[in-house]
Amino acid sequence: MTQPSIDWDAAYRQESPPPWSIGRPQPELAALIDRGKIRSDVLDSGCGHAALSLALAARGYTVVGLDASATAIDAATASAAEQGLTTATFAQADVTSFGGYPPGSQGRFSTIVDSGLFHALLPEGRPGYLQSIFRAAAPGAALYILAFAAGALGEPGDRPGPRGFTEAELHDAVATLWQVDDVRPAKVYGNDAALDTELPNAEHDGDGHFMVPGFLLSGHKPD
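Model, not experiment: these values are computed from the prediction.

Peer 1: Go over the pairing of strand β2 (residues 63–67), please, and point to the residues and values.
Peer 2: Of all 5 residues that make up β2, 5 are buried, and the element is covered over most of its length. Taking every second residue as pointing to the same face, both faces of β2 are buried, with Val63, Gly65 and Asp67 on one and Val64 and Leu66 on the other. In this structure, strand β1 (residues 42–45) lies alongside β2, joined through 4 bridges in parallel fashion. If you follow Val42 over to β2, its bridge partner there is Val63. Crossover connection from β1 via helix α3 (residues 51–58) to parallel β2: handedness right-handed. Two strands pair when backbone bridges link them, and β2 and strand β3 (residues 88–92) are joined in this way by 5 bridges, in the parallel orientation.

Okay, structure coming up:
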């Protein structure tokens, strides 16, 4: 999967999609949309190829996708234009500080969604990231973070990729600023074609996806 020191542009310039790009929103997040848990405006933090942003825009949500990769942002912008999705916009930004982020966005977003970004950040970058999305969130805004469970990709050192979190680690990291409402087991999907070896904890759905253990954290910004 990914590494905290990965060259994000190089990952998105490859002929085949990176392992975390499955061509649609992560099923755990798609279920939140179906259940009416997402409110506009939405910040898709670390949007990548922006399957989630595009799906939200197709349903009428106003969504901003941010990513460190200019290549991913260019692809997402082109996809939105091709589909005529005018309520989805994208910007390249350092997610740990939102450097270069458009002005006037403080307190704007009613929902912040993180689809597998938080676990890919270096530990020292996580506090700045949490502060950045906190500033961007409106009072009472919802936060959803989908992240690997510790050991999801195997034992540390067995292969590249984020270590992931225990339930307590994920809760405590986010609770430094946010009110954490729930952390529950979840599945994180990836594309089989990008794997070069079998993951010890992976399941497969027969549709070209693998699934590994994770957590879905739900929280909110106090009013």
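Peer 1: Mind laying out the environment of Arg184, listing which residues take part and the relevant values?
Peer 2: The residue Arg184 is located in strand β6 (residues 179–191) in this model. Sequence-wise, Arg184 and Phe134 are 50 residues apart; in three dimensions their C-alpha atoms are separated by 22 Å. A distance of 2.9 Å separates the side chain of Arg184 from the side chain of Glu28, its partner in a polar contact.

Peer 1: Go over the nonpolar core, please, and point to the residues and values.
Peer 2: Core analysis: the largest hydrophobic core is formed by 34 residues, its most contacted members being Ile38, Val42, Leu56, Phe90, Leu199 and Val212. Listing elements by their share of this core, those giving two or more residues are α2 (27–34), α3, α4 (70–83), β3, β5 (137–148), β6 and β8 (209–220). If we skip the residues at most four places from it in the chain, Ile38 touches Leu32, Ile33, Leu56, Tyr61, Thr111, Val113 and Tyr144. Ranked by size, the runner-up nonpolar core spans 32 residues in total, among them Phe118, Phe134, Trp178 and Leu217.

Peer 1: Any chance you could break down the pattern of salt bridges for me, citing the residues and the numbers?
Peer 2: Applying the stated rule across the entire model yields 5 salt bridges. In this structure, Arg59 engages Asp34 in a salt bridge whose closest nitrogen and oxygen atoms are separated by 2.7 Å. Taken together, the residues Arg59 in the loop between α3 and β2 and Asp34 in helix α2 connect sequence positions 25 residues apart. For Arg163, the salt bridge goes to Glu169, with nearest N and O atoms at 3.0 Å. By relative accessible area, which is 34% here, Glu169 ends up partly exposed.

The rules we used
- Residues numbered from 1 in each chain as written.
- Predicted model: local features only at pLDDT ≥ 70, side-chain atom pairs only at ≥ 80, totals over all residues.
- Heavy atoms only, no water.
- Buried < 20%, exposed > 50% of the residue type's maximum accessible area, 1.4 Å probe, protein only.
- Helix = DSSP H or I, 4+ residues; strand = E, 2+ residues; numbered from the N terminus.
- Pairing = 2+ DSSP bridges.
- Right-handed = clockwise from strand over helix to strand, strands pointing away.
- Polar contact = N/O pair within 3.5 Å; in protein donor to acceptor, adjacent residues only side chain to side chain.
- Core = buried A, V, L, I, M, F, W, Y, C linked by side-chain atoms within 4.5 Å.
- Contact = heavy atoms within 4.5 Å.
- Salt bridge = Lys/Arg side-chain N within 4 Å of Asp/Glu carboxyl O.

Keep in mind these numbers describe shape, not what the thing actually does.
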